Amino acid sequence: MTGLHVSTAGQIARNEFNKLNPDLGIEFENYSIILPLGVTGSGGLAQMRGNHQFYAGGADRSLELIMHEFGHTLGFHHSGLPNEGDYDDNSCLMGCCAGAQQMCFNAAKSWYTGWYTEGHVDLSHLSTPGQWGKVNLVGIDDYLKGVFGESNSFVVQFTL
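Worth saying up front: this structure is predicted, and the values here are computed from it rather than measured.

Draft legend 1. Here's a closer look at a nonpolar patch on the surface. Together, Leu 20, Leu 24, Ile 26 and Phe 28 make up a nonpolar patch on the protein surface, roughly 370 Å² of accessible area in all. Relative to the helices and strands, Ile 26 is located in the loop between α1 (6-24) and β1 (31-34). On the basis of relative accessible area, Ile 26 is assigned to the partly exposed category, the value being 42%.

So, in structure tokens, the structure goes:
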């Protein structure tokens, strides 16, 4: 596979796996194919809402890249900034990668997937100018620890 692009080499490996798997009987929902050194192209590829990812040789050692490509299988697009580029949102693994090992998916991606739904607040009923609302803005770490009180979260007041 030396010299082949990651997409071509990945398709070859996937097709071979699909030929062998009826005899192997491996059940899966999602899988990764880590290709050998010498495969060219970007570090990884994944289809939007697909069930597999391809990684060029050595790319599997990058947690950022693995999570980024897996994000595509969850349906995540790149997190860019308007008129700047696909990878310019440094608050999300879908917008950057290098050195982002402590990073997660941003709030918009969490909302999209329905994660933390018991903490979601729909404010669409506040559509009349002059209406106001008061909500607690809780970070993910506090959310996971069950810390929701006003004494240890930000209270956001707004007026439409």
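What follows continues from the structure just given.
Draft legend 2. The sheet that holds β1, seen in detail. The strand order β1-β3-β2 describes an open sheet built from three strands, whose pairing is mixed. The sheet is open, and its two borders are formed by β1 and β2 (44-46), each paired with just one other strand. The mean inter-strand angle of the sheet, taken between neighbouring strand axes irrespective of direction, is 15 degrees. Here β2 pairs with strand β3 (residues 52-55) via three bridges, running antiparallel. Within β3, the position partnered with Ala 46 by the bridge is Gln 53. Sheet strands in contact with α1 are β1, β2 and β3, and its direction is about 125 degrees off that of β3. In this fold helix α2 (residues 63-73) packs onto β2 and β3, with an angle of close to 150 degrees to the strand it touches most, β3.

Draft legend 3. Quick look at the nonpolar core. Core analysis: the biggest nonpolar cluster contains nine residues, these being Val 6, Ala 9, Ala 13, Tyr 31, Ile 33, Leu 35, Val 39, Phe 54 and Ala 56. Broken down by secondary-structure element, the contributors of at least two residues to this core are α1 and β1. Core analysis: the next-biggest nonpolar cluster, separate from the first, contains five residues, Phe 76, Cys 92, Leu 93 and Met 94 among them.

Draft legend 4. Inspection of α1 at higher detail. With 19 residues, α1 ought to run about 27 Å at 1.5 Å a step, and its terminal C-alpha atoms sit 25 Å apart, in line with that. Asn 18 marks the point of greatest bend in α1, at about 30 degrees, and the proline Pro 22 comes within the next four residues. Every buried residue of α1 is listed here: Val 6, Ala 9, Gly 10, Ala 13, Arg 14 and Asn 21. On its buried face, α1 is in contact with β1, β2 and β3. Just beyond α1, the residue with positive phi is Gly 25, at close to 70 degrees.

Draft legend 5. Region of interest: the environment of Leu 144. With respect to the helices, strands and loops of the structure, Leu 144 is situated in helix α4 (residues 140-144). By relative accessible area, Leu 144 is classed as exposed at 59%.

Draft legend 6. Main features of the packing of aromatic side chains. For the coordinates displayed, the defined rule picks out seven aromatic pairs. Pairing Phe 76 with Phe 105 gives two aromatic rings, centres 4.9 Å apart and planes at 75 degrees, and the pair type is edge-to-face. Remark: Phe 105 occurs in the loop between α2 and α3 (107-113) and Phe 76 occurs in the loop between α2 and α3; sequence separation between them is 29 residues. Of the two residues examined, Phe 76 and Phe 105, each falls in the buried class. With centroids separated by 6.2 Å and ring planes inclined at 75 degrees, the aromatic side chains of Phe 76 and Trp 115 adopt a geometry described as edge-to-face. Placement of Phe 76 in the loop between α2 and α3 and of Trp 115 in the loop between α3 and β4 (132-137) is noted, with a sequence separation of 39 residues between them. On the accessibility criterion, Phe 76 (1% relative accessible area) is buried. Three or more aromatic residues joined by ring pairs make a cluster, and in this case those are Phe 76, Phe 105, Tyr 112 and Trp 115.

Cut-offs applied
Residues numbered from 1 in each chain as written. Predicted model: local features only at pLDDT ≥ 70, side-chain atom pairs only at ≥ 80, totals over all residues. Heavy atoms only, no water. Patch = residues over 30% accessible without salt bridge, like charges linked within 9 Å, V, L, I, M, F, W, Y side chains within 5 Å. Areas by Shrake-Rupley, 256 points an atom, 1.4 Å probe, with all protein chains shown as cover. Salt bridge = Lys/Arg side-chain N within 4 Å of Asp/Glu carboxyl O. Helix = DSSP H or I, 4+ residues; strand = E, 2+ residues; numbered from the N terminus. Buried < 20%, exposed > 50% of the residue type's maximum accessible area, 1.4 Å probe, protein only. Pairing = 2+ DSSP bridges. Axes fitted to C-alpha atoms, helices over the stretch in contact; angles between N-to-C directions. Contact = heavy atoms within 4.5 Å. Core = buried A, V, L, I, M, F, W, Y, C linked by side-chain atoms within 4.5 Å. Expected span 1.5 Å × (residues − 1). Bend = angle between axes of the 7 residues up to and from the residue. Phe/Tyr/Trp six-rings, centres within 6.5 Å; stacked < 30°, edge-to-face > 60°.

Any link to function would need more than the numbers given here.
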